[in-house]
Amino acid sequence: QELMSCILLEAVNKALLTGEWFADLLENLEDEVLHRRDMTIVKDVHYIQRGLRFVLRWIQPMEPILKIISKDMATDKKSKPLLVALESLKHATESIEMHMQAGSDLRQTWQEVQDKRLNTVNTLLAMVATVFLPLSFMTGVFGMNFEHKMWMLYNENGYFLFWGIAAVVAVFVLWGFAKLRMYELLQR
């Protein structure tokens, strides 16, 4: 009985050490989450979580067995190592589940960082489109071939007038962005 409890305690301790090793790997990945843009970080977290699940599946069936054995020997003084093994098993199970949750949180943090980057790119794209949309409209209007209605086309300074209006529109749009503090959104 003592040999069995020592073997079970050693198995639980090995599982706990393996769980801590996976936790150290997760901790190393935490620093890389903000800097790595590729999907390898998600794959790394997935493999770590898979390893943790394997350890958890390996030790979880021990708990009911230890409970039954320790219940049968509750009055025996030799059952103390079994109770220690049972407590260690509970601690190992909770620890591994906590590390699995940390892996899920890490994956979610990586996704949030990627979403923020995409949001910044979309904001910049919308700003560029907002600047060029009125300019494209003006180019279309000035490109029409109306002989009587478009006096600016036949004016001697029509070319410079077009660029002057385009510059005023662009400056006005950029001023509106500054007023709305859109540039600060891109800095965050």
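Concerning a positive patch on the surface
Next, step 1: Together, Arg50, Arg53, Arg57 and Arg107 give the surface a local cluster of positive charge.
Next, step 2: With three residues, the single largest contributor to the positive patch is helix H2 (residues 40-59).
Next, step 3: Within the element layout of this structure, Arg50 appears in helix H2.
Next, step 4: A residue is classified by how much of its surface remains accessible, and Arg50, at 46% relative accessible area, is partly exposed.

Examining H2
Next, step 1: Taking 1.5 Å as the rise per residue, H2 with 20 residues should run 28 Å; its terminal C-alpha atoms sit 29 Å apart, in good agreement.
Next, step 2: Within H2, burial applies to Ile41, Val42, Val45, Ile48, Gln49, Gly51, Leu52, Val55, Leu56 and Ile59.

Comments concerning the packing of aromatic side chains
Next, step 1: The tally for this structure, following the rule as stated, stands at three aromatic pairs.
Next, step 2: Seen from their ring centres, Phe162 and Trp163 are 5.2 Å apart, and the 75 degrees between their planes marks the pair as edge-to-face.
Next, step 3: With a relative accessible area of 14%, Phe162 lands in the buried category.

Brief notes about the packing of helix H4 (residues 80-142) against helix H6 (residues 158-180)
Next, step 1: Between H4 and H6, the shortest axis-to-axis distance is 10 Å and the interhelical angle comes to 160 degrees. Accordingly, the angle class assigned to the pair H4 and H6 is roughly antiparallel. At the point where H4 passes H6, the crossing takes the right-handed sense. Here H4 contributes Met127, Thr130, Val131, Pro134, Leu135, Met138, Thr139 and Phe142 to the contact with H6, which in turn contributes Phe162, Ile165, Ala166, Val169, Val173, Leu174 and Phe177.
Next, step 2: The class makeup of the residues in the contact of H4 with H6 is 13 nonpolar, two polar and no charged.

Some remarks on the nonpolar core
Next, step 1: Core analysis: the largest hydrophobic core is formed by 29 residues, its most contacted members being Leu52, Ile59, Met62, Leu66 and Ile96.
Next, step 2: The element contributing the most residues to this core is H4, with nine residues.
Next, step 3: Aside from chain neighbours lying at most four places away, what touches Leu66 is Leu8, Leu82, Ala85, Leu86 and Leu89.
Next, step 4: In terms of nonpolar packing, the next biggest core, distinct from the first, is built from nine residues, Met127, Val131, Phe142 and Phe162 among them.

Structural notes on the packing of H2 against H4
Next, step 1: Viewed as axis vectors pointing N to C, H2 and H4 meet at an angle of 160 degrees, and their least axial separation amounts to 10 Å. Classified by the angle between their axes, H2 and H4 sit roughly antiparallel to one another. Crossing handedness for the pair H2 and H4: left-handed. Facing H2, whose interface residues are Ile41, Val42, Val45, His46, Gln49, Leu52, Arg53, Val55, Leu56 and Ile59, H4 presents Leu89, Ala92, Thr93, Ile96, Glu97, His99, Met100, Gly103, Ser104, Leu106, Arg107 and Trp110.
Next, step 2: Among the residues forming the contact of H2 with H4, the class breakdown is 13 nonpolar, six polar and three charged.

Let's talk about the environment of Thr130
Next, step 1: Mapped onto the secondary structure, Thr130 falls in helix H4.
Next, step 2: Along the primary structure Thr130 and Val173 are separated by 43 residues, whereas in three dimensions their C-alpha atoms are 7.5 Å apart.
Next, step 3: Reaching out from Thr130, the side chain makes a polar contact with the backbone oxygen of Ala126 at a distance of 2.6 Å.

Some thoughts on the side chain of His99
Next, step 1: Here His99 shows up in helix H4.
Next, step 2: In terms of polar contacts, His99 uses its side chain to reach the side chain of Glu20, at 3.3 Å.

What counts and how
Residues numbered from 1 in each chain as written. Predicted model: local features only at pLDDT ≥ 70, side-chain atom pairs only at ≥ 80, totals over all residues. Heavy atoms only, no water. Patch = residues over 30% accessible without salt bridge, like charges linked within 9 Å, V, L, I, M, F, W, Y side chains within 5 Å. Areas by Shrake-Rupley, 256 points an atom, 1.4 Å probe, with all protein chains shown as cover. Salt bridge = Lys/Arg side-chain N within 4 Å of Asp/Glu carboxyl O. Lys, Arg positive; Asp, Glu negative; His and termini not counted. Charge placed at Lys NZ, Arg CZ, Asp CG, Glu CD. Helix = DSSP H or I, 4+ residues; strand = E, 2+ residues; numbered from the N terminus. Buried < 20%, exposed > 50% of the residue type's maximum accessible area, 1.4 Å probe, protein only. Expected span 1.5 Å × (residues − 1). Phe/Tyr/Trp six-rings, centres within 6.5 Å; stacked < 30°, edge-to-face > 60°. Axes fitted to C-alpha atoms, helices over the stretch in contact; angles between N-to-C directions. Parallel < 35°, antiparallel > 145°, perpendicular 65-115°, else oblique. Left-handed = near helix turned anticlockwise from the far one by under 90°. Contact = heavy atoms within 4.5 Å. Nonpolar A, V, L, I, M, F, W, Y, C, P; charged D, E, K, R; others polar. Core = buried A, V, L, I, M, F, W, Y, C linked by side-chain atoms within 4.5 Å. Polar contact = N/O pair within 3.5 Å; in protein donor to acceptor, adjacent residues only side chain to side chain.

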